[in-house]
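In case you want the letters, here they are:
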There are 2 protein chains.
Amino acid sequence: MVDGPGTMTAIGIAAPGGPDMLVPERRAVPRARAGEVLVRVAFAGVNRPDVLQRLGAYPPPAGASDIPGLEMAGEVVALGEAVAGDWLGRRVCALVTGGGYAEYCLARAEHCLPVPEGLSLSEAAALPETLFTVWHNLFERGQAREGETLLVHGGTSGIGTMAIKLGKLFGLTIIVTCGSDGKCDAALAIGADHAINYRTDDFGAVVSALTPAGANVILDMVAGPYTQRNLDCLAEDGRLVTIAVLGGAKAEIDMARLLVRRHTLTGSTLRARPDGFKARLAETIARDVWPYVADGRLRPAMDRIFPLEQAAEAHRRMEGGEHIGKIVLAAGEDQT
Amino acid sequence: MVDGPGTMTAIGIAAPGGPDMLVPERRAVPRARAGEVLVRVAFAGVNRPDVLQRLGAYPPPAGASDIPGLEMAGEVVALGEAVAGDWLGRRVCALVTGGGYAEYCLARAEHCLPVPEGLSLSEAAALPETLFTVWHNLFERGQAREGETLLVHGGTSGIGTMAIKLGKLFGLTIIVTCGSDGKCDAALAIGADHAINYRTDDFGAVVSALTPAGANVILDMVAGPYTQRNLDCLAEDGRLVTIAVLGGAKAEIDMARLLVRRHTLTGSTLRARPDGFKARLAETIARDVWPYVADGRLRPAMDRIFPLEQAAEAHRRMEGGEHIGKIVLAAGEDQT
């Protein structure tokens, strides 16, 4: 076990509320427990659940840091028990249950992925949350297969841009919805095959026109009234995977249609899953996806980098909805 | 190709309506097309979809006979092209898209299963529809695994009794709901571990008391208000498989709960599936289930046998809801 430094800057949530509730604080640097590494954070990714947590609507799971931040990248500077000495000094990115908005952050060693040559630490910090989420929900839960058509809402969000990129790498045809023509253009530039402006077009009608059999898989974060609208343009044997309920939790669905068309409606959240599940997922991603990261074919769509102290500004940007791709916070000096 | 006889008695549907619309008629014996066998029907199973078809609510799929009846057993008496000669004289039961309520019925050879020694033809006729339906929805779609808990509604129905028997053979704990204490006793006698009288008890509360983690798989034919009630007593990662909407098609569900608990909501209908799907299913059942039929460990729960001409009476019994297990029609002389 190697000790780390004493205190650090971290972003606390002063009270549930708006972006200004995100306040830089001095905190003790956490000490790595068995199986954990301490990472000197270079960059931390900002994700929609962080906003919900700030609002008080998404409390950290038991045992997690109260500091927001579900992913980060940096250098391993201290080790807990049962972590091999050669982890020291490694550049890693990791999925964490909290604590990313800080100069130092703990991660379980088996939830880390190595940062390969050519991947900047800011890009690395932008990968874990959306990559783990999209991989699990699209390919494991949603059973997306080469040649199928995927519909993704929020095509320029962190999740949406990752779904486009990952989907294209694995042979899917991608239709996305976005809230403006400009975002549609951005989604197409990122790799989507079709982009629908949901403010000016009925996405279901457009999907049905583009692919009369319907989409095989839909990745949805809206729920509410979108649930049946999604089912209406889902192919026979199609899978609707819901990962957030930004449009409301209550959904009225037509069960007769669901069973006649043999639809599957499912969903999941990532943060509360046990360590073992995330370790298994990290292993799968290391094997099946990381080669694409290593050879440069998979890079996150990057929006903007804010200094850690300006986390409030980063949240305002996310809530403003003008971002395209990932917002990250720069915590260290190594701001590449 | 071997020719069959000329005319036969069959049950026609005079017009959409009550049981009396089921009228014995003289019909031409159908001629086996390529890949089909003609079966001299000894017994035909009666199923809930037959009632819906009689009411005009479940039209036969394209190419299917207009005569009701989705399963039957008897002797192969004529062959279409591309069926090997040694099929002649075989005793088989088969899943059919219609035509079972008759003295002769066509079946695709690959949808037939052999009637082993010790299985009566009346029992054989009672197997295919529920066995194919329960197998596919419980083990394939619902991914039920040994050691899991299954909740089945309509515990004394044809589907319910088959789910109990099949579930017990494959190591599941079975909870059923029934509409009376007498039916609960019957379901327990058939093998259910727990039976809930849904008229006197809140099934969800009882399931949650019996298995606090919730049921892993639920086989539902009610839908409507049952959908959320089912989800409320479904375990994390549980699967709700709906095969009919007897309680109504519209369901309001809580998507937030669905995704937090990682539920899967799916369903299917059997009749409209392509021949190849049913052939694949028949093959799986021949391999994984038929040994239990052959050695006597799997027998259908039998309710009552009516002569073919009394099909109306058989439907009245099914709609009366007093039956326990399968109702069959006797079409031939070999009424065992």
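Here goes a summary of the coordinates provided. Bear in mind that the values here come from a model prediction, so they are computed numbers and not experimental data.

Glancing now at the packing of aromatic side chains. Tallied over the full model, the rule gives 10 aromatic pairs over all chains. Consider the rings of A:F203 and A:Y226, whose centres lie 4.9 Å apart with planes at 45°: the pair is tilted. Of this pair, A:F203 sits in helix α6 (residues 203-210) while A:Y226 sits in helix α7 (residues 226-232), and the two are 23 residues apart along the sequence. Overall, the relative accessible area of 0% leaves A:F203 in the buried class. Here A:Y226 falls in the buried class, since its relative accessible area comes to 11%. Taken together through their ring pairs, the aromatic side chains of A:W135, A:F139, A:F170 and A:Y292 make up a single cluster. For the cation-ring pair, B:R90 lies above B:W87, with the distance from its terminal atom to the ring centre recorded as 4.4 Å.

For the rest of this paragraph, the subject is the packing of helix α3 (residues 128-141) of chain B against helix α4 (residues 158-169) of chain B. Residues and elements named next belong to chain B. Where α3 contacts α4, the axes come no closer than 9 Å and their chain directions differ by 60°. One element, α3, and the other, α4, form an angle in the oblique class. For the pair α3 and α4, the crossing hand works out as right-handed. Packed against α3, whose contacting residues are T130, L131, T133, V134, W135 and F139, the element α4 presents G158, I159, M162, A163 and L166 at the interface. By residue class, the composition of the contact of α3 with α4 is eight nonpolar, three polar and no charged.

Here we come to the packing of helix α3 (residues 128-141) of chain A against helix α9 (residues 275-288) of chain A. Residue and element names in this part refer to chain A. α9 packs onto α3 with a crossing angle of 85° between their chain directions and a minimal axis gap of 10 Å. The angle between α3 and α9 places the two elements in the roughly perpendicular class. In contact with L131, F132, W135, H136 and E140 of α3, α9 contributes F277, K278, R280, L281, A282, T284, I285 and D288. Along the lines of polarity and charge, the residues of the contact of α3 with α9 split into seven nonpolar, two polar and four charged.

The rules we used
- Residues numbered from 1 in each chain as written.
- Chains lettered and ligands numbered in written order.
- Predicted model: local features only at pLDDT ≥ 70, side-chain atom pairs only at ≥ 80, totals over all residues.
- Heavy atoms only, no water.
- Phe/Tyr/Trp six-rings, centres within 6.5 Å; stacked < 30°, edge-to-face > 60°.
- Helix = DSSP H or I, 4+ residues; strand = E, 2+ residues; numbered from the N terminus.
- Buried < 20%, exposed > 50% of the residue type's maximum accessible area, 1.4 Å probe, protein only.
- Lys NZ or Arg CZ within 6 Å of the ring centre and 35° of its normal.
- Axes fitted to C-alpha atoms, helices over the stretch in contact; angles between N-to-C directions.
- Parallel < 35°, antiparallel > 145°, perpendicular 65-115°, else oblique.
- Left-handed = near helix turned anticlockwise from the far one by under 90°.
- Contact = heavy atoms within 4.5 Å.
- Nonpolar A, V, L, I, M, F, W, Y, C, P; charged D, E, K, R; others polar.

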